[in-house]
Amino acid sequence: MTTTDRRTTTHVLRTRAELREALAGVARPLGLVPTMGWLHAGHRSLMQRARAADATTIATIFVNPRQFNEAADYQRYPRNEARDLAICEEEGVDIVFAPGVEEVYPPGFDTVVSVGEVARPLEGAARPGHFDGVATVVAILFDLIGADHAYFGQKDAQQVMVIRQMARDLAIPTEVIACPTVREPDGLALSSRNVHLSPAERAAAPVLRRALLAARGGWEAGERSGDALRDAMWEVLTSEPLATPAYVSVADGRTLRELDRIADGEPALLSLAVRFGATRLIDNEPIG
Ligand code: AMP
């Protein structure tokens, strides 16, 4: 399918062969924005970064079954390709690669890319197999596309670290670029999963941001104890009856090991995961 508007023509490709052919002659640098669709302003911001820096922009839309540790979560992940393609076109994306599952994982596919230490805690512990699925699909996409730059959201901070580690270890020359988290005016990080929140849950969901800012405020006031900052987040989260916290973390910004104390001048990551009914949300705040 090819559609046109004033700014660009977005080419939608379904197969590895089409992709190879389309990429053969494109202008460089080439910027890649991997997504699972149900695009929102967070995805748009990544596309805009790519458009600003790269001569050609490619987005991928693929709901990757291997990164869902619960089949029901995969089934109910929101999808609307026509709307997503219209957004890509509005953002001036040159190429969309939107393959089927068998195009990414052909029959007989039997490899897992498994990253070590940074993939283990937090989301890795809460969602067994999740980062294996992420690293595997991103390795395939990086290899197929050979982009100069790939743009990811800081909202998924651990994911960025896992992908950086994977690309470095596998000698994939694509540069991984982290982009700021885009938020609703009330502080809730945009996420495709927000669509599942009931009105009451949606009204309660900014508690994630409030908890992170409480801990950041503590740190800015001189608090360096990991436990004190974790307690500060926990207290805010548990004040919200609709929120069921899964974890709060004050971790080393490079290794994601939990910290007893935050050392001055060292990067740290405040992060948390919270359930609202069946919907699980994450957010984070880098400090230091
Ligand atoms: P997803 O479609 O959820 O897999 O996300 C695709 C990319 O968009 C990932 O790199 C995410 O980190 C990024 N992303 C998702 N939400 C946001 C947000 N609110 N702000 C910035 N980037 C985001």
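Heads up: these notes are all about the structure in this document. (Residues numbered from 1 in each chain as written. Predicted model: local features only at pLDDT ≥ 70, side-chain atom pairs only at ≥ 80, totals over all residues. Heavy atoms only, no water.)

### Focus on helix α4 (residues 81–90)
- Among the residues of α4, those classed as buried are Asp84, Leu85, Ile87, Cys88 and Glu89.
- One or two positions beyond α4, positive phi appears at Gly92, with a value near 75 degrees. (Buried < 20%, exposed > 50% of the residue type's maximum accessible area, 1.4 Å probe, protein only. Helix = DSSP H or I, 4+ residues; strand = E, 2+ residues; numbered from the N terminus.)

### Here's the deal with the side chain of Arg280
- Following the sequence through the fold, Arg280 ends up in strand β10 (residues 279–287).
- For Arg280, the residues in contact, after removing those within four places along its chain, are Glu123, Ala126, Arg127, Arg193, Tyr247, Ala273, Val274 and Arg275. (Contact = heavy atoms within 4.5 Å.)

### Notes on the site of the ligand
- By nearness alone, 17 residues border the ligand, and Met36, His43, Asp156, Val182 and Leu190 come closest of all.
- At 2.9 Å, a backbone N or O of Gly153 approaches an oxygen atom of the ligand.
- Here an oxygen atom of the ligand sits 2.6 Å away from a polar atom, N or O, in the side chain of Asp156.
- Coverage of the ligand by the protein chains reaches 93% of its 490 Å² of free accessible surface. (Near = heavy atom within 4 Å. Polar contact = N/O pair within 3.5 Å; in protein donor to acceptor, adjacent residues only side chain to side chain. Areas by Shrake-Rupley, 256 points an atom, 1.4 Å probe, with all protein chains shown as cover.)

### Side note on the pattern of salt bridges
- With the rule as written, the count across this model stands at 19 salt bridges.
- With its nearest N and O atoms 2.9 Å apart, the salt bridge here joins Glu90 to Arg44. With a gap of 46 residues between them, Glu90 in helix α4 and Arg44 in helix α2 (residues 41–53) connect regions that are remote in the sequence.
- With a relative accessible area of 38%, Glu90 lands in the partly exposed category.
- Look at Arg44 and you get partly exposed, because its relative accessible area is 22%.
- The closest approach of N and O atoms between Arg183 and Asp283, which form a salt bridge, is 2.8 Å. Of the two residues, Arg183 is situated in the loop between β7 (175–179) and α9 (199–204) and Asp283 in strand β10; the sequence distance between them amounts to 100 residues.
- What makes Arg183 partly exposed here is its relative accessible area of 23%.
- Through salt bridges with shared partners, a single network forms among Arg209, Arg216, Glu220 and Glu285. (Salt bridge = Lys/Arg side-chain N within 4 Å of Asp/Glu carboxyl O.)

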